[in-house]
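Understanding the architecture of this molecule
Residues per chain are reported as follows:
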Amino acid sequence: MSARPNAAAATTTADSADACCAEPLPVLGRDVTVPLVTGGEVTYAALDYAASAPALQRVWDDVAAYAPYYGSVHRGAGYLSQLSTDLFEQSRVTVAEFLDCREGDQVVFTRSTTDSLNLLAQVVPADCQVFVFETEHHASLLPWRDTQVTYLNAPRTPAQAVETLERALADRDPHGPALVCVTGASNVTGELWPVRELAAAAHAHGARIVLDAAQLAPHHPVSVRELDVDWVAFSGHKLYAPFGSGVLAGRADWLQAAEPYLAGGGASRTVARRADGGVDVEWHTTAARHEAGSPNVIGVYSIASACKALTEAGFDSLVARERHLIDTVRAGLAEVPEVRVLSLFGDDAPRVGVISFVVDGWNSSHFAAALSAEYGIGVRDGLFCAHPLVRTLLGSDPQDPGECGAPEPAAPGERSLNAIRVSFGAGTPDEHVERFVGAVKELVRDGAQWKYRTEDGRCVPDRG
Ligand SMILES: Cc1ncc(COP(=O)(O)O)c(C=O)c1O
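Please read all numbers here as calculations on a predicted model, not as lab measurements. Within each chain, residues carry numbers counting from 1 in the order of the written sequence. Residues qualify for local features only when their pLDDT is at least 70, as the model is predicted, and side-chain atom pairs are given and counted only at 80 or more; totals for whole chains, interfaces and linings, by contrast, use all residues. For side-chain calculations, the full set of non-hydrogen atoms in the structure is used, while hydrogens and water are omitted.

Some remarks on the overall build of the protein chain
For clarity, the cut-off: A run of DSSP states H or I qualifies as a helix once it reaches four residues; a run of E qualifies as a strand once it reaches two. Both are numbered from the N-terminal end. Note on method: radius of gyration uses C-alpha positions; expected globular size equals 2.2 Å times residues raised to 0.38. Under the scheme applied here, a residue whose accessible area is under 20% of the maximum for its type counts as buried, over 50% as exposed, and between as partly exposed, the area being computed with a 1.4 Å probe on protein chains only. Using a 1.4 Å probe, accessible areas were evaluated by the Shrake-Rupley method; residue-level cover was limited to the displayed protein chains. Under the convention used here, Asp and Glu are negative, Lys and Arg are positive, and both His and the chain ends fall outside the count. Each charge is placed at NZ for Lys, CZ for Arg, CG for Asp and CD for Glu.
Counting its regular elements, the protein chain contains 14 helices and 19 strands. Against the compact-globule benchmark of 23 Å for 464 residues, the protein chain has a radius of gyration of 23 Å, which places it among compact chains. With the C-alpha coordinates of the protein chain rotated into their principal frame, the extents come out at 80 × 55 × 50 Å. Classification of the 464 residues of the protein chain by burial places 56% in the buried group. Total accessible area on the protein chain is roughly 19,200 Å²; 52% of this is exposed by carbon and sulfur atoms. With 37 positive and 59 negative side-chain charges, the protein chain shows a spacing of 3 Å between the two charge centroids.

Some words on the site of the ligand
For clarity, the cut-off: Only heavy atoms are used to decide nearness, and a residue is near a molecule or strand if one of them lies within 4 Å of it. A 3.5 Å cut-off defines polar contacts: any pair of N or O atoms within that distance qualifies, except that in protein one atom must be a possible hydrogen donor and the other a possible acceptor, and neighbouring residues in sequence count only when both atoms are side-chain atoms.
Taken together, the neighbourhood of the ligand is formed by 14 residues, with Thr114, Asp212, Ser235, His237 and Lys238 sitting nearest. The side chain of Thr114 places a nitrogen or oxygen atom 2.5 Å from an oxygen atom of the ligand. Between Ser235 and the ligand, the recorded distance is 2.6 Å, taken from a side-chain N or O atom to an oxygen atom. Coverage of the ligand by the protein chains reaches 88% of its 390 Å² of free accessible surface.

Remarks on the domain arrangement of the protein chain
Just so we agree on the cut-off: Throughout, the edges of the domains are those of an automatic or database domain assignment. Only heavy atoms enter the contact rule, under which two residues are in contact if any of them lie within 4.5 Å. As a working definition, buried area equals the accessible area (1.4 Å probe) given up by two parts on being put together, with both sides summed. The salt bridge definition used is simple: a Lys or Arg side-chain nitrogen within 4 Å of an Asp or Glu carboxyl oxygen.
Domain annotation of the protein chain identifies domain 1 (5-54 + 314-461) and domain 2 (58-311). Between the C-alpha centres of domain 1 and domain 2 there is a distance of 29 Å. Taken together, the 44 residues of domain 1 in the interface contact 38 residues of domain 2. Summed over both partners, the interface of domain 1 with domain 2 buries about 3,600 Å², with 60% contributed by carbon and sulfur atoms. Joining domain 1 to domain 2, the criterion identifies one salt bridge. Close ionic contact of Glu191 with Arg351 constitutes a salt bridge, the shortest N to O distance being 3.3 Å.

Looking at the packing of helix H3 (residues 79-98) against helix H10 (residues 297-313)
Spelled out, the test is: An axis is simply a line fitted to the C-alpha atoms; with a helix, the fit covers only the stretch in contact. Between two such axes, the angle follows the N-to-C directions and lies from 0 to 180 degrees. Note on terminology: angles under 35 degrees are roughly parallel, angles over 145 are roughly antiparallel, angles of 65 to 115 are roughly perpendicular, and the others are oblique. It is the rotation of the near helix from the far one that decides the hand of a crossing: anticlockwise by less than a right angle makes it left-handed, clockwise makes it right-handed. Amino acid classes used here: Ala, Val, Leu, Ile, Met, Phe, Trp, Tyr, Cys and Pro are nonpolar; Asp, Glu, Lys and Arg are charged; the rest, including Gly, are polar.
The contact between H3 and H10 brings their axes to 9 Å, and the two run at 40 degrees. Classified by the angle their axes make, H3 and H10 are oblique. Here H3 and H10 pass one another in a crossing that is left-handed. Where H3 abuts H10, its residues Ser84, Leu87, Phe88, Ser91, Thr94, Val95 and Phe98 lie against Val297, Val300, Tyr301, Ile303, Ala304, Cys307, Lys308, Leu310 and Thr311. Considered class by class, the residues forming the contact of H3 with H10 number eleven nonpolar, four polar and one charged.

Quick look at the confidence of the model for the protein chain
For clarity, the threshold we go by: pLDDT runs from 0 to 100 and stands for how confident the predictor is about each residue.
Summary statistics for the protein chain give a mean pLDDT of 91 and a share of 91% for residues scoring 70 or more. Counting interchain partners and residues more than four positions distant, the pLDDT-below-50 stretch residues 1-19 has 41 contacts. Ignoring residues within four places in sequence, the model shows residues 401-409, a span with pLDDT below 50, making 28 contacts including any to other chains.

What about the environment of Trp231?
Along the chain, the position of Trp231 falls in strand E9 (residues 231-235). When its relative accessible area of 0% is taken as the criterion, Trp231 is described as buried. Once you skip the residues sitting within four places of it in the chain, Trp231 turns out to touch Leu120, Leu179, Arg208, Ile209, Val210, Leu211, Leu248, Ala249, Gly250, Arg251, Trp254 and Leu255.

Some points on the packing of aromatic side chains
Using the following cut-off: Under the pairing criterion, centres of Phe, Tyr and Trp rings, with the six-membered ring standing for Trp, must be within 6.5 Å; the plane angle then separates stacked pairs below 30 degrees from edge-to-face pairs above 60, leaving the rest tilted.
Per the counting criterion, the structure on display carries 13 aromatic pairs. Measuring from centroid to centroid gives 6.4 Å for Tyr66 and Tyr70, while their planes differ by 70 degrees, and the two rings are edge-to-face. An aromatic cluster is present here, built from Phe357, Trp362, Phe367 and Phe436 joined pairwise through their rings.

As for the sheet that holds strand E10 (residues 246-250)
Our working rule: One requirement defines pairing of two strands: DSSP has to find at least two bridges between them.
Judged by pairing direction, the sheet is mixed, and its seven strands sit side by side in the order E4-E10-E9-E8-E7-E5-E6 without closing on themselves. In this open sheet, the two edge strands, each paired with only one partner strand, are strand E4 (106-110) and strand E6 (149-152). Between one strand axis and the next, the sheet turns through 20 degrees on average, direction left out of account. Examined bridge by bridge, E4 and E10 share five bridges and lie antiparallel to one another.

Here we look at unusual backbone geometry
Residues other than glycine seldom take positive phi values, yet Asp228 does so here, at roughly 55 degrees. Phi angles above zero are rare outside glycine, and Cys385 is one such case at about 50 degrees. Relative to the elements of secondary structure, Cys385 occurs in the loop between strand E16 (380-382) and helix H13 (387-394).

Some remarks on the sheet that holds strand E14 (residues 354-359)
In space, the four strands of this open sheet follow the order E13-E14-E17-E16, with antiparallel pairing throughout. The open sheet terminates on both sides in strands that have one partner only, identified here as strand E13 (339-341) and E16. Going across the sheet, the axis of each strand differs from the next one's by a mean of 30 degrees, ignoring polarity. Where E14 and strand E17 (residues 419-423) come together, four bridges link them in antiparallel fashion. Looking at E17, one finds that Phe357 is bridged to Ile420.

Here we look at a nonpolar patch on the surface
As a reminder, the rule being used: Residues form patches when they are more than 30% accessible in relative terms and have no salt bridge. Like charges link within 9 Å. Nonpolar side chains (Val, Leu, Ile, Met, Phe, Trp, Tyr) link within 5 Å.
Taken together, the side chains of Tyr69, Tyr79 and Leu80 define a hydrophobic patch exposed on the protein surface, amounting to about 350 Å² of accessible area. Counting through the fold element by element, Leu80 comes out in helix H3. Residue classification places Leu80 among the partly exposed positions, given a relative accessible area of 32%.

Notes on the pairing of E10
With five of five residues buried, E10 lies mostly within the body of the structure. Neither face of E10 is left uncovered, since the one carrying Gly246, Leu248 and Gly250 and the one carrying Val247 and Ala249 both have all their residues buried. Bridge count between E9 and E10: five bridges; the pairing is antiparallel. Looking at E10, one finds that Trp231 is bridged to Gly250.

What follows is the structure, encoded as C-alpha cells:
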C-alpha cells in the first residue's frame with residue numbers, strides 16, 4: 001500500500017487553472033431532462049452531491065457486468081457463490097488500499113457512515129470518554145451515550161479546533177480510554193478540518209480518533225496512515241456507489257474485543273447447545289464479527305469499483321477540477337450582495353465542493369424550490385442534519401421552528417431559519433454550476449416567476 005498525500009492539503013490556483021479543461025467523470029443521469037414549471041424541459045443539474053452523488057457510469061457498468069454472476073456470499077458451495085465471496089473479500093482489500101490502511105487494520109462493511117459510527121459507538125470500551133465538536137453531522141454527534149460524551153464548542157479557526165481539543169483532553173481523566181470523533185470536510189461549509197493535527201493532539205493525550213470521511217472521501221484521498229487516524233467511516237452513496245453499503249475501517253482491537261454489533265449468522269464461528277439448555281457462541285474475530293446476516297455484495301462491490309475509478313482518474317486532477325468549480329460558484333455568489341455564504345473558518349479555508357448560503361429577503365425553502373422548478377437545478381435547503389452548526393452560522397435561536405418556513409420571502413435583513421446548500425463533485429459539468437450562478441443572480445434580481453406554497457412542510461410550486 002503506497003503513501004498518500006495529506007488529505008487536508010490545499011490545492012493551488014495553478015492546479016485549478018490546469019484542470020479547467022479536464023472532463024467530468026461520466027455519471028448516470030447526466031442526460032436526464034426534467035420539466036420546468038414555466039414550460040419546457042432542461043437537463044437536470046444535480047447539485048446535491050453532499051446528500052447523495054449520482055452513480056459513476058463505471059460503477060454501474062461493473063455492477064451490471066457482475067450481476068449475472070451474483071451469488072450468496074460466504075456460505076455457498078456453488079461456483080457463483082465462490083466467485084461472489086472472492087469478489088466480496090477482494091473488495092475489502094481494495095477499500096483498505098484506497099484508505100491506505102495499516103497492517104492489521106480491519107475493513108468492516110456497514111450500511112452507511114451513520115451505521116459505521118453507531119457500530120463504533122457500540123464497541124468503544126464502557127468507560128470511554130468521547131469528544132465531539134458541536135459542529136458535526138448528527139451521525140457523529142448522536143451515537144454516543146449521554147454520560148460519556150463531551151460536546152466541544154464550534155471553533156472559528158482550524159488552530160482553535162486543535163486548541164479546544166487539547167484543552168478538553170488535558171482536563172480529562174488520563175487513565176480511561178478516550179475517543180475523538182471529527183469530520184474531514186463539513187457537510188455544511190465544505191471546509192476541511194485539520195485532521196492530522198487533531199489526530200496528533202488526540203494521541204498525545206492518549207485518546208483515539210475516528211474520522212468521519214463521508215464528505216472527504218469523495219473529494220480527496222484519505223490516508224489512514226498519513227493522517228494517523230484510528231478509524232475512518234464513509235458511505236458508498238456519497239462516493240458514487242449508491243447501493244446501500246458503507247465502511248468502517250481501522251484498528252482491530254476494540255472491534256475484536258466487543259460483542260458483535262448484530263448477533264446472527266456470519267458473525268458466529270460456532271454455536272452449540274449447553275447442558276443447561278442455553279447456547280454457547282464463539283464469535284469471529286475478523287471483520288465478519290460485525291457483519292452478521294447476508295452481506296450486501298453488490299453494495300460492497302460497487303464501493304470497491306468507485307474506489308478504483310477515483311484512484312484511476314487521479315485525485316490530483318479531480319481536486320483541481322473541483323477547485324475550478326468551487327471558484328466559479330464562490331466568485332458568482334460574491335457578486336450578489338444579498339447572498340451570504342456560511343463559513344466557520346473564513347474565505348481562505350481549503351474546502352470541498354459543498355457551499356451553504358442564505359439570500360437576504362428570501363426564505364431558503366422558497367429559493368431552493370424556485371431553483372428546481374424554474375431552472376431544473378437540484379440543491380438542498382434546511383439544516384442539513386447539523387442543526388447546532390447551521391444555527392450557530394445563521395445566528396438563529398434553537399427554539400425557532402422547523403426546517404421549512406413559509407414560502408413568503410423573509411423581510412430583508414431578517415434572519416433565515418434555514419439555509420440553501422449547493423454541492424458537486426467529479427461528475428459535475430461546468431454548465432451546471434454556471435446555470436446555478438446565473439439562476440441565483442436572476443432570482444435575486446427579478447424574483448421568482450411562479451407562485452409557491454407549503455405542502456407537507458415543503459415549499460412547492462402552486463399549480464392551483
Ligand atoms: C459529514 C457527514 N457525516 C455523516 C453523514 C451520514 O451519512 P449517511 O447518511 O450516509 O449515513 C453525512 C451525510 O450527509 C455527512 O455529511
